[in-house]
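Architecture at a glance
As a plain string of letters, each chain reads:
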Amino acid sequence: TIDLDDTLWPIRPTLVAAEALLARWLEERAPATAANLDPERRASLRRRLLERHPDRAHDVSFLRRESLRLALDEVGEDPGLADPAFEVFLAARQQVEPYEDVDEVLCRWAARYRLVALSNGNADIARIPCGRHFSAAISAHEIGFAKPDPRMFAAASEAAGVPPGHCLHVGDDWHLDIVPARAAGMHVAWVRRPEFAHRPVPEESGAADIPAFDSLAAVDRWLHPARPGPGRD
C-alpha cells in the first residue's frame, strides 16, 4: 500500500499551478470572487465549513468545492459556478510530476505485488500515468474517513487481498502513514525525500527502528537486495 502526495510526487508545485489556473478561470467568470479569494479568505471559508460539517473533515474535495460556493454567494456571484470551477482545479491537480525513480520502481513492483494507493488527498490515480501500476485505490473522500483512522489501513489491506501483517505500507508522513500503519499491523517503509529532510525526526519509542529511505528506489533495494555472484561473499 502506497501513499501518493510527497511520496510518489511533490504536491506543492502541482497545487500552486492548480490554484493559479483556478484564479485565472475565476477572474474571467467571477471577478469579485477572484479578487477576494486570497489564502486568508480560503482558510476562513474552510474553518466555517468545518464548523458546519465536522463529519466532512476528511473530504478535501467537498471542502474546496463548497468553499468556492460560499465565496461566490457572499459577493453576489453565481454559486452554480462552484462545480465547474472545482473541476478546473481538480483536473489541474492531477497534473503531477512523479519523482524520476517512481515509474520504474512501480513497474517492477506491479509485476510481483498487488499495489494499492492510499491517500487523504483527491489525487485520482486513474488519471495519472503511473496509476496504471495500481490494482486498487483507497481515497479518504470516497471511503468516508481519513488517515490515521485505522479503517483506512484495514480497507487497504482488504483491497490488497491479504492480512495487514502481509502488507508493506510506504509513505512520507510519520503521523499519518508510519504510526497508524504499524498500529494496524503492517510493515512500514518511511520515505523521507531530500527536500523534506528538514522535517524533525520523531523521538517516539521505537522510531529509531523504522527504516527510512530517501527514494522509492532505495525502498526497492531494501526489499530486493542484490544477490552475490558466484565466488563472492
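Residues numbered from 1 in each chain as written. Predicted model: local features only at pLDDT ≥ 70, side-chain atom pairs only at ≥ 80, totals over all residues. Heavy atoms only, no water.

1. Re the confidence of the model for the chain
- Put simply, the chain has an average pLDDT of 92, and 96% of its residues get 70 or more.
- Segment residues 229-233: pLDDT under 50, and one contact once partners within four positions in sequence are set aside and those in other chains are kept. (pLDDT = per-residue confidence, 0-100. Contact = heavy atoms within 4.5 Å.)

2. Quick word on the pairing of strand β3 (residues 168-171)
- Going residue by residue along β3, you find Leu 168 and Val 170 tucked away on one face and His 169 and Gly 171 tucked away on the opposite face as well.
- Strand direction decides the pairing type here: β3 and strand β4 (residues 187-191), joined by four bridges, are parallel. Bridging from a neighbouring strand, Gly 171 pairs with Trp 190 of β4.
- Read as a crossover between parallel neighbours, the route from β3 over helix α9 (residues 174-183) to β4 is right-handed. (Buried < 20%, exposed > 50% of the residue type's maximum accessible area, 1.4 Å probe, protein only. Helix = DSSP H or I, 4+ residues; strand = E, 2+ residues; numbered from the N terminus. Pairing = 2+ DSSP bridges. Right-handed = clockwise from strand over helix to strand, strands pointing away.)

3. Notes on the environment of Phe 86
- Tracing the backbone shows Phe 86 in helix α5 (residues 82-93).
- Excluding anything up to four places from it in sequence, Phe 86 contacts Ser 61, Arg 64, Arg 65, Leu 68 and Asn 122.

4. Re the nonpolar core
- Ranked by internal contacts, the top residues of the largest apolar core, which has 28 residues, are Leu 8, Trp 9, Leu 106, Trp 109 and Phe 134.
- Of all the secondary structure elements, the ones that give two or more residues to this core are α6 (102-110), β3, β4 and α10 (216-223).
- Contacts of Trp 9, omitting those with residues within four sequence positions, involve Leu 4, Arg 93, Val 96, Glu 97, Pro 98, Tyr 99, Ala 123, Ile 125, Ile 128 and Cys 130. (Core = buried A, V, L, I, M, F, W, Y, C linked by side-chain atoms within 4.5 Å.)

5. Looking at unusual backbone geometry
- In this model, Lys 147 is joined to Pro 148 through a cis peptide bond whose omega is 15°.
- Here Pro 148 lies in the loop between α7 (140-143) and α8 (150-160).
- For Asp 6, which is not glycine, the phi dihedral falls at a positive 70°.
- Positionally, Asp 6 belongs in the segment before α1 (11-29).
- Since its relative accessible area comes to 12%, Asp 6 is described here as buried.

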